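# Examination of the molecular architecture
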Amino acid sequence: MIYQKETKKEIERVIATFHDHIKQSQDYDLLWSNKVGYVLLSLSGQPHTVESAEAIQTAEQLCDQMLHDVAMDALIQSGSEHTIDLANANEIKRIKKAWDPYIKTLPDYAYLCDIQLSKH
């Protein structure tokens with residue numbers, strides 16, 4: 001995929017914001033392909049097996065994926081084994097706190113948090 005200059009720049013801004021989160025994750029990796037652009041790999045097991053690969057079309061798409069992953073990490077750290085749509089009030093507070101540093105850097109994507117919580 002050939003990105004428009006602004007699209008690629010915005011995707012790279014999201015990548016920079018989530019860089020440490022992406023790097024430490026055992027569940028996925030983000031790669032560059034000259035043929036399709038950025039590709040998000042979903043991983044499982046040890047050694048890692050690729051479960052799926054998703055071409056990243058927009059910064060919004062990538063940010064939404066990363067925010068969802070941060071939320072799931074917050075739930076797991078709280079000992080929960082369910083998805084965000086079943087989160088209780090304390091878990092939602094924990095999720096919002098986990099999102100905070102990312103949204104401070106990317107305030108224009110705060111609406112994605114509202115959308116994810118609206119499914120609750």
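In this text, all values refer to a predicted model and were calculated from it rather than measured experimentally. (Residues numbered from 1 in each chain as written. Predicted model: local features only at pLDDT ≥ 70, side-chain atom pairs only at ≥ 80, totals over all residues. Heavy atoms only, no water.)

### Things to note about the pattern of salt bridges
Let me state the cut-off plainly: Basic side-chain nitrogens of Lys or Arg form a salt bridge, by our definition, when they fall within 4 Å of a carboxyl oxygen of Asp or Glu. Helix and strand labels come from DSSP, where a helix needs a run of H or I of at least four residues and a strand needs a run of E of at least two; each type is numbered from the N terminus.
If you walk through the whole model with that rule in mind, you get four salt bridges. In this structure, the salt-bridge partner of Glu-12 is Lys-8, at a minimum N-O distance of 3.1 Å. Of this pair, Glu-12 and Lys-8 both sit in helix H1 (residues 5-24), separated by four residues, roughly a single helical turn. In this structure, Lys-104 and Asp-100 form a salt bridge, with 3.2 Å as the shortest nitrogen-oxygen distance. Taken together, the residues span about one helical turn, with Lys-104 and Asp-100 both in helix H3 (residues 89-105) at a distance of four residues.

### Details of the pairing of strand E1 (residues 28-33)
So the rule is basically this: Should DSSP find at least two bridges between two strands, the strands are taken to pair.
The pairing of E1 with strand E2 (residues 37-44) spans six bridges and is classified as antiparallel. From the neighbouring strand, Ser-33 faces E2, where its bridge partner is Gly-37.

### Looking at the packing of H3 against helix H4 (residues 110-118)
The test is simple: Every axis in this analysis is a line fitted to C-alpha atoms, fitted for helices over the stretch in contact. Angles between the N-to-C directions lie between 0 and 180 degrees. Every angle not falling under 35 degrees, over 145, or within 65 to 115 is termed oblique; those three ranges are roughly parallel, roughly antiparallel and roughly perpendicular. In this scheme, a crossing is called left-handed if the near helix is turned counterclockwise away from the far one by less than a right angle; it is called right-handed if the turn is clockwise. Only heavy atoms matter for contacts: two residues are in contact if any of them lie within 4.5 Å across the pair.
Where H3 meets H4, the axes come as close as 11 Å, and the angle between the chain directions of the two elements is 160°. With respect to their mutual orientation, H3 and H4 come out roughly antiparallel. The way H3 lies across H4 gives a crossing that is right-handed. Within the contact between the two elements, H3 uses Ile-92, Lys-96, Trp-99 and Ile-103 and H4 uses Ala-110, Cys-113, Gln-116 and Leu-117.

### Topic: the layout of surface pockets
A probe matching the size of a water molecule, rolled over the atoms, marks out where space remains unfilled. Our working definition: We place a 1 Å grid over just the protein atoms. Points where a 1.4 Å probe fits but has no way out form a cavity, open points with protein on both sides within 12 Å along at least 5 of 7 lines form a pocket, and any residue with an atom within 4 Å of a point lines it. Grid points are joined across faces, edges and corners, and a volume is the space filled by probe spheres set on the points. Note that Gly is not counted as nonpolar here; it falls among the polar residues with everything else outside the nonpolar set of Ala, Val, Leu, Ile, Met, Phe, Trp, Tyr, Cys and Pro and the charged set of Asp, Glu, Lys and Arg.
The calculated volume of the largest pocket comes to roughly 240 Å³. If you go around the largest pocket, you meet 13 residues; those closest to its centre are Asp-27, Tyr-28, Ser-42, His-68 and Asp-69. Of all the secondary-structure elements, those providing two or more residues to the lining of the largest pocket are E2 and helix H2 (59-77). Considering every element that reaches the lining of the largest pocket, the biggest residue donor is H2, with seven residues. Of the residues contributing to the lining of the largest pocket, the split by class is six nonpolar, three polar and four charged.

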